[in-house]
Amino acid sequence: MTVKIQKADRSTCDCGTNREDESARKVVKYSTWGMIAMGLVGISATPVDVYYVCRKCKQPFGRLSKEERKSNS
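Everything in this summary refers to the structure shown in the same document. (Residues numbered from 1 in each chain as written. Predicted model: local features only at pLDDT ≥ 70, side-chain atom pairs only at ≥ 80, totals over all residues. Heavy atoms only, no water.)

With respect to the overall build of the protein
On a plain count of helices and strands, the protein comes out with two helices and three strands. When the helices and strands of the protein are placed in sequence order, the string is β-α-β-β-α. For the protein, buried positions account for 27% of its 73 residues. Here the analysis covers contacts within the protein between residues at least 6 apart in sequence; of these, 51% occur between residues at least 24 apart. (Helix = DSSP H or I, 4+ residues; strand = E, 2+ residues; numbered from the N terminus. Buried < 20%, exposed > 50% of the residue type's maximum accessible area, 1.4 Å probe, protein only. Contact = heavy atoms within 4.5 Å.)

Quick notes on the environment of Tyr30
With respect to the helices and strands, Tyr30 occurs in the loop between β1 (24-29) and α1 (32-41). Tyr30 sits in the partly exposed class, given a relative accessible area of 29%. Note: C-alpha distance between Tyr30 and Asp49 (19 residues apart in sequence) is 6.9 Å. Among all residues touching Tyr30, those that are not within four sequence positions of it are Met35, Met38, Ala45, Thr46, Pro47 and Val48.

A short note on the pairing of strand β2 (residues 49-54)
When you tally the buried positions in β2, you get six out of six residues, the bulk of the element. Bridging between β1 and β2 involves six bridges; their strand directions are antiparallel. Looking at the pairing, Val27 lines up with Tyr51 of β2. Note that β2 and strand β3 (residues 60-61) share two bridges and pair antiparallel. Of the residues in β3, the one forming a bridge with Tyr52 is Phe61. (Pairing = 2+ DSSP bridges.)

Side note on unusual backbone geometry
Located in the positive-phi region is Lys58, a residue other than glycine, with phi close to 65°. Assignment of secondary structure puts Lys58 in the loop between β2 and β3.

Some remarks on the side chain of Thr17
For Thr17, the location among the structural elements is in the segment before β1. Judged by relative accessible area, Thr17 falls into the buried class, the value being 1%. Those residues in contact with Thr17 that sit more than four places away from it in its chain are Ser11, Thr12, Ser23, Ala24, Cys54 and Phe61.

Quick look at the side chain of Asp49
Note that Asp49 resides in strand β2. A polar side-chain atom of Asp49 sits 3.2 Å from a polar atom in the side chain of Arg63. (Polar contact = N/O pair within 3.5 Å; in protein donor to acceptor, adjacent residues only side chain to side chain.)

Below is the structure:
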């Protein structure tokens with residue numbers, strides 16, 4: 001069984017930007033119910049996915065694991 005690594009799972013993008021670089025933009029995605037809870041009620045929600053996008057080449061990279069998402073929130 002081979003596991004295909006997606007671009008979002010890599011630690012850097014093609015041009016070499018990493019998480020700590022100023023060219024990296026953090027993208028946080030929430031579930032529909034999470035967005036409703038945050039918008040209407042003001043309850044904080046746990047993100048479904050967190051990754052970074054390079055501002056230069058627009059490629060996603062550096063997806064955070066579930067453990068990293070929990071420790072960052």
